[in-house]
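What follows is each chain in one-letter form.
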Amino acid sequence: MSILTLSNIHKTFKTGEIEEEIIKGIDLALPRGGITALTGASGSGKSTLLTIAAGLQPATSGHIYFDSIDLTSLNPDQVRKIRAEQFGFVFQFAHLVPFLTVAEQLTFMLEVAITKQNKKQQAQAVEQLLERVDMQHRSSAYPSSLSGGEKQRVAIARAVIHQPQVLFADEPTASLDSKRSTEAMNLIRDITKQLDITTLMVTHDSDTLSYADHVMEMQDGKLC
Ligand SMILES: Nc1ncnc2c1ncn2[C@@H]1O[C@H](COP(=O)(O)OP(=O)(O)O)[C@@H](O)[C@H]1O
Ligand SMILES: [Mg+2]
């Protein structure tokens, strides 16, 4: 049984007078658990499909089912709530908030996603996960003092601190050298397993593909 199902998704962008169909009728069933990689040439529509699957932008037509909820039938507030509570996000760059410490980046996400935890429970969850990603020793550091690899480890921790069901990762290793890429991918793989998360990862890097349990390839707006 898939956790996320896309049914006949189309996406058209209009730039001035010109309409271009970027996603051309995609059906996709994301298997529950493990890492599914979405690969394909630059410009084939991978990031667009990922953001549609995650409810970050609407499709022009088609349906998205999360468990059995049709996200396309919900209002924007309802989609936002599901996204905040059930989904996590990692991108090419860590996008940490410059004026929050490492621990505060995670606490902030917890406050958005889980309202019923008290301060002590939050602090415990943050400390545990920072230990897991080997960043506990930098918990009161600001992003500007972290290396690229450390920033990405914090970004991965922040993406899963609320124990989401689905982690969406768009080229999570594209800004890292090969050693840091390997570290980040090992971390994503371990966390996916340990927290029982389903990860959908966009990548065009063949080394990264070896971490995937399932691979899907896009070509010119279609799955092939
Ligand atoms: N908001 C947008 N407006 C117009 N065109 C867009 C927009 N977002 C993406 N595109 C176009 O859609 C195509 C696919 O982009 P993208 O999904 O980013 O591909 P990929 O992630 O596979 O490199 C590109 O030609 C891109 O220019
Ligand atoms: Mg992309």
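This text goes with the structure placed above it.
Rules behind the numbers
Residue indices follow the written sequence of each chain, beginning from 1 at its first position. Chains and ligands are labelled by the order in which they are written, letters from A for the one and numbers from 1 for the other. The predicted origin of the model limits local features to residues at a pLDDT of at least 70 and limits the giving and counting of side-chain atom pairs to 80 or more, whereas totals for whole chains, interfaces and linings rest on all residues. Computation of side-chain values covers all heavy atoms of the structure but excludes hydrogens and water. Distances are taken per atom, and a residue is near a molecule or strand as soon as one of its heavy atoms is within 4 Å of it. For this analysis, a polar contact is any N or O atom pair within 3.5 Å, provided that within protein one partner can donate a hydrogen and the other can accept it, and provided that sequence-adjacent residues contribute only side-chain to side-chain pairs. The protein chains shown are the only cover counted for residues, whose accessible areas, like all others here, come from Shrake-Rupley with a 1.4 Å probe. Put simply, DSSP H or I for four residues or longer makes a helix, DSSP E for two residues or longer makes a strand, and each gets a number counted from the N terminus. Under the grouping applied here, Gly and all other residues not named as nonpolar or charged are polar, the nonpolar ones being Ala, Val, Leu, Ile, Met, Phe, Trp, Tyr, Cys and Pro and the charged ones Asp, Glu, Lys and Arg. Grouping buried Ala, Val, Leu, Ile, Met, Phe, Trp, Tyr and Cys residues that are joined through side-chain atoms within 4.5 Å yields what is termed a nonpolar core. Burial classes: relative accessible area under 20% of the type maximum marks a residue as buried, over 50% as exposed, and values in between as partly exposed (1.4 Å probe, protein chains only). Residue contacts follow a heavy-atom distance rule, with two residues in contact if any of their heavy atoms lie within 4.5 Å. Between the rings of Phe, Tyr and Trp (Trp by its six-membered ring), a pair exists once the centres lie within 6.5 Å; its type follows the angle of the planes, with under 30 degrees stacked, over 60 edge-to-face, and the other angles tilted. One less than the residue count of a helix, multiplied by 1.5 Å, gives the span that helix is expected to have.

Q: Can you walk me through the site of ligand 1 in this structure?
A: Neighbouring ligand 1 are the residues Phe 13, Ile 22, Ala 41, Ser 42, Gly 43, Ser 44, Gly 45, Lys 46, Ser 47 and Thr 48. Note that an oxygen atom of ligand 1 is positioned 2.7 Å from one of the backbone N or O atoms of Gly 43. Within the backbone of Ser 44, one N or O atom sits 3.2 Å away from an oxygen atom of ligand 1. Coverage of ligand 1 by the protein amounts to 58% of the 560 Å² it exposes when considered alone. Here the shell around ligand 1 takes 3 residues from helix 1 (residues 46-53), the largest share from any one element. The residue inventory of the shell around ligand 1, partitioned by class, reads 3 nonpolar, 6 polar and 1 charged.

Q: Honestly, the nonpolar core in this entry has me stumped. Any pointers?
A: Inside soluble globular proteins, nonpolar side chains tend to come together where they are buried. Within the largest apolar cluster, 35 residues are counted, with the highest numbers of intra-cluster contacts made by Leu 106, Leu 130 and Ile 191. Counting only elements with at least two residues in this core, the list comes to strand 3 (34-40), helix 3 (102-113), helix 4 (119-132), helix 5 (148-160), strand 7 (166-170) and helix 6 (178-194). In terms of residue count, helix 5 provides more of this core than any other element does, 6 residues in total. The residues touching Leu 130, leaving out its near neighbours within four places in the chain, are Val 102, Ala 103, Leu 106, Met 135, Gln 136 and Ser 139. The next biggest cluster of nonpolar side chains, apart from the first, holds 27 residues, and it includes Ile 3, Ala 54, Val 166 and Leu 200.

Q: How should I be thinking about the packing of aromatic side chains in this particular structure?
A: Pairs of aromatic rings are described using the distance from one ring centre to the other and the angle between the two planes. Within this structure, the stated rule accounts for 4 aromatic pairs. With a centroid separation of 5.0 Å and an interplanar angle of 75 degrees, the aromatic rings of Phe 87 and Phe 168 are classed as edge-to-face. Taken together, the residues Phe 87 in strand 6 (residues 87-90) and Phe 168 in strand 7 connect sequence positions 81 residues apart. Residue Phe 87 is classed as buried on the basis of its relative accessible area, which comes to 2%. Taking the centre distance of 5.5 Å and the plane angle of 20 degrees together, the rings of Phe 89 and Phe 168 count as stacked. In this pair, Phe 89 sits in strand 6 while Phe 168 sits in strand 7, placing the two residues 79 residues apart along the sequence.

Q: What's the story with unusual backbone geometry in this structure? I'm lost.
A: Negative phi characterises most residues that are not glycine, and trans characterises most peptide bonds. Although it is not a glycine, Asp 134 sits at a positive phi angle of roughly 60 degrees. For Asp 134, the position within the fold is in the loop between helix 4 and helix 5. Phi at Glu 171 is positive, roughly 50 degrees, even though this residue is not glycine. Here Glu 171 is to be found in the loop between strand 7 and helix 6. Look at Glu 171 and you get buried, because its relative accessible area is 12%.

Q: Explain helix 5 to me, please; I cannot follow it from the model alone.
A: Residues that lie three or four places apart on an α-helix share one face, since the helix turns once every 3.6 residues. Under the 1.5 Å per step criterion, the end-to-end length of helix 5 is 19 Å for 13 residues, consistent within 8% with the ideal 18 Å. Of all 13 residues that make up helix 5, 11 are buried, and the element is covered over most of its length. For helix 5, the full list of buried residues reads Gly 149, Glu 150, Gln 152, Arg 153, Val 154, Ala 155, Ile 156, Ala 157, Arg 158, Ala 159 and Val 160. Those residues of helix 5 that are buried lie in contact with strand 6, helix 3, helix 4, strand 7 and helix 6.

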